[in-house]
Amino acid sequence: MTNERDADVICQHNKDGTIIPLKIRIKDDDGESQTYSIKSYKDLSTKGDFVLPNGVGISGRHLWSFECKIQVFNLLKRIRLFYNTVDGRWKVQLLE
């Protein structure tokens, strides 16, 4: 999996406004869709401005960020999910 790509995400929207990611579907390096259940997550979202790992500055009011663990071939892999409320798109980044 390359470092960052678009993702389909199934998530839970709670009445308090929080989001819980449950599953992701991404295309692998061969172009085939793969689905992964999220085993654990941590909400890293901020309410202010911050800088992404690639150096891009972001206003945190419309961007949700999660660090998650998924199981890939019996190994736990860490990923980061980003949800942009302006365009309604999810991105996934492999951390390990």
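In what follows, the structure referred to is the one given above.
Residues numbered from 1 in each chain as written. Predicted model: local features only at pLDDT ≥ 70, side-chain atom pairs only at ≥ 80, totals over all residues. Heavy atoms only, no water.

J.: Can you break down the nonpolar core residue by residue, with the values?
T.: Counting residues in hydrophobic clusters, the biggest one holds 17 residues, and the most contacted among them are I24, F66, I79, L81, W90 and V92. Of all the secondary-structure elements, those providing two or more residues to this core are β1 (4-13), β2 (19-27), β3 (33-43), β6 (63-72), β7 (75-84) and β8 (89-94). Considering each element in turn, this core owes the most residues, 5 residues, to β6. Beyond its immediate stretch of four places on either side in the chain, L81 contacts V9, P21, I24, I38, W64, S65, F66, C68, W90, K91 and V92. (Core = buried A, V, L, I, M, F, W, Y, C linked by side-chain atoms within 4.5 Å. Buried < 20%, exposed > 50% of the residue type's maximum accessible area, 1.4 Å probe, protein only. Helix = DSSP H or I, 4+ residues; strand = E, 2+ residues; numbered from the N terminus. Contact = heavy atoms within 4.5 Å.)

J.: Could you give me a rundown of the pairing of β8, with the residues and numbers involved?
T.: As paired elements, β1 and β8 share 4 bridges and run antiparallel to each other. Directly across from A7, in β8, lies its bridge partner W90. Across 6 bridges, β7 lies against β8 in antiparallel orientation. Among the inter-strand pairings, N84 is bridged to a residue of β8, identified as R89. Linkage of β7 to β8, two consecutive antiparallel strands, is achieved through a turn of 4 residues, within which G88 is found at a positive phi near 70 degrees. (Pairing = 2+ DSSP bridges.)

J.: Run through the pairing of β3, naming residues and quoting values.
T.: The pairing of β2 with β3 spans 5 bridges and is antiparallel. Bridging from a neighbouring strand, R25 pairs with T35 of β3.

J.: Describe unusual backbone geometry, with residues and values.
T.: The residue F73 is not glycine, and still its phi comes out positive at about 50 degrees. Note on placement: F73 falls in the loop between β6 and β7. A positive phi angle, near 65 degrees, is found at N74, a position not held by glycine. By the element assignment, N74 lies in the loop between β6 and β7.

J.: Can you explain the packing of aromatic side chains? Please cite residues and give values.
T.: Tallied over the full model, the rule gives 4 aromatic pairs. Look at W64 and F66: their rings are 6.2 Å apart centre to centre, the planes differ by 10 degrees, and that puts the pair in the stacked class. The two residues W64 and F66 agree in class, both being buried. An aromatic cluster of three or more residues is present, and its members are Y41, W64, F66, Y83 and W90. (Phe/Tyr/Trp six-rings, centres within 6.5 Å; stacked < 30°, edge-to-face > 60°.)

J.: So what's going on with the sheet that holds β8? Which residues, and what values?
T.: Strands sit in the order β1-β2-β3-β6-β7-β8 around a closed barrel of 6 strands; the barrel is antiparallel. Within the sheet, the average angular offset between the axes of one strand and its neighbour, ignoring direction, is 40 degrees. Sheet topology places β1 next to β2; 6 bridges connect them, and they run antiparallel. The partner of V9 across the bridge, within β2, is I24. (Axes fitted to C-alpha atoms, helices over the stretch in contact; angles between N-to-C directions.)

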